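Read off the chains here:
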Amino acid sequence: YGSELYQVLEEEPGQATGWHGCGAIRLAVKPDEADWFKYVQGVLKLAGSECHLIGPDEIRKLHPLLDTKGVLLGAYTPNDGHTDPSGITNAMAAGARMRGAEIVRHNRVTNINLLDSGEWEVVTEQGTLTCEHVVNAAGSFAGQVGEMVGLQVPMVNMVHQYLVTESIPEVSALGKEIPVVRDPWASCYYRQEQQGLVIGPYEMNAEAWGLDGIDWSFDNALLPPDTQRLEPHLEKVTERIPGFADAG
Ligand SMILES: Cc1cc2nc3c(=O)[nH]c(=O)nc-3n(C[C@H](O)[C@H](O)[C@H](O)COP(=O)(O)OP(=O)(O)OC[C@H]3O[C@@H](n4cnc5c(N)ncnc54)[C@H](O)[C@@H]3O)c2cc1C
């Protein structure tokens with residue numbers, strides 16, 4: 001759905017979405033993972049979404065940087081890809097405005113009250129609104145917004161770290177963007193960024209953050225890195241993508 005929507009968004013509001021339709025490969029290294037992808041392929045077929053189960057040779061043809069040691073198969077979704085979140089957000093906002101939505105930026109909701117009429121009074125920095133429905137889409141702040149109406153939103157923020165490499169000669173030599181890869185063995189995702197790579201570990205002992213609330217002024221700031229925690233993942237990545245071992 002997303003990949004189709006992003007293409008329409010490019011055409012309609014004419015706003016670049018930053019969508020890279022490079023495809024994706026999810027690796028299976030255990031028999032139960034391979035079975036799971038067979039099941040997923042069936043579901044995707046019903047949903048009309050293309051998915052091919054491919055062997056190590058074909059995986060390396062699509063992604064020549066990978067060492068497929070221990071890989072049983074890959075679930076290749078050619079219509080998959082990755083995108084830049086701010087580009088997509090702006091394109092969606094432009095599309096919504098074209099369909100009559102009004103978007104007020106830089107205006108924090110400070111309180112939400114239930115009225116006797118059953119409607120909601122939403123207090124913002126720029127005034128108060130009354131509405132039938134309120135959607136809590138406050139991202140990392142969703143817990144704090146939920147608390148405004150006495151709700152405990154069952155989610156926590158987790159710290160996520162990822163690495164962006166400098167240019168890697170093997171990547172520059174490809175001439176075509178490589179698919180995004182999810183690798184359960186290293187518990188990481190890999191994708192191309194310019195002529196280098198982004199390596200994003202799915203950390204097993206990831207750290208929860210902001211459990212007592214986040215300061216409202218927190219905006220796009222980076223947290224201090226803890227690269228030691230990533231070491232077990234990155235050691236495996238150097239085996240999976242040998243070119244990564246010497247990357248800056
Ligand atoms: C560095 C980084 C890299 C990422 N990379 C990827 C990736 O490659 N792929 C992927 O799928 N996901 C990625 N993510 C995750 C993805 O960006 C988030 O899952 C997604 O943006 C969440 O969208 P959202 O709309 O729920 O929340 P957000 O995008 O966080 O939007 C919430 C909005 O609510 C606003 N808000 C909060 N409180 C209030 C209030 N009281 N009043 C008014 N407004 C309020 C905030 O200002 C914000 O604009 C990444 C995230 C980060 C931080």
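Data block above holds the structure.
Residues numbered from 1 in each chain as written. Predicted model: local features only at pLDDT ≥ 70, side-chain atom pairs only at ≥ 80, totals over all residues. Heavy atoms only, no water.

Turning next to the site of the ligand. The ligand sits among Asn107, Arg108, Val109, Ala137, Ala138, Gly139, Phe141, Val145, Tyr162 and Trp216. Separating a nitrogen atom of the ligand from a backbone N or O atom of Val109 is a distance of 2.8 Å. Out of a free accessible area of 1000 Å², the ligand has 36% covered by protein chains. The residue inventory of the shell around the ligand, partitioned by class, reads seven nonpolar, two polar and one charged. (Near = heavy atom within 4 Å. Polar contact = N/O pair within 3.5 Å; in protein donor to acceptor, adjacent residues only side chain to side chain. Areas by Shrake-Rupley, 256 points an atom, 1.4 Å probe, with all protein chains shown as cover. Nonpolar A, V, L, I, M, F, W, Y, C, P; charged D, E, K, R; others polar.)

Tracing the backbone through its elements, the reader meets Phe141 in the loop between β6 (127-131) and α5 (142-147). Separated by 77 residues in the primary sequence, Phe141 and Phe218 have C-alpha atoms spaced 9.9 Å apart. Ignoring anything within four residues of it in the chain, the contact list for Phe141 reads Ile214, Asp215, Trp216 and Phe218. (Helix = DSSP H or I, 4+ residues; strand = E, 2+ residues; numbered from the N terminus. Contact = heavy atoms within 4.5 Å.)

Attention now moves to the environment of Leu115. As for its position among the elements, Leu115 is in the loop between β4 (109-114) and β5 (120-124). What makes Leu115 partly exposed here is its relative accessible area of 27%. A sequence separation of 16 residues divides Leu115 from Cys131, and the C-alpha atoms of the two residues are 9.9 Å apart. Not counting the four nearest positions on each side in its chain, Leu115 is found in contact with Trp120, Glu121 and Thr130. (Buried < 20%, exposed > 50% of the residue type's maximum accessible area, 1.4 Å probe, protein only.)

A few words now on the nonpolar core. In this structure, Ile59, Tyr190, Leu197, Ile199, Val237 and Ile241 are the most contacted members of the largest nonpolar core, which totals 23 residues. The residues contacting Ile241, other than those within four sequence positions of it, are Leu65, Leu66, Tyr190, Leu197 and Ile199. (Core = buried A, V, L, I, M, F, W, Y, C linked by side-chain atoms within 4.5 Å.)

Okay, the sheet that holds β6 next. The antiparallel open sheet is built from three strands, whose spatial order is β4-β5-β6. A single partner strand is all that each edge strand has here, and the edge strands are β4 and β6. Taken pair by pair, the neighbouring strands of this sheet meet at an average axis angle of 20°, ignoring direction. Note: β4 against β5, five bridges, orientation antiparallel. For Val109, the partnering residue across the bridge sits in β5 and is Thr124. (Pairing = 2+ DSSP bridges. Axes fitted to C-alpha atoms, helices over the stretch in contact; angles between N-to-C directions.)

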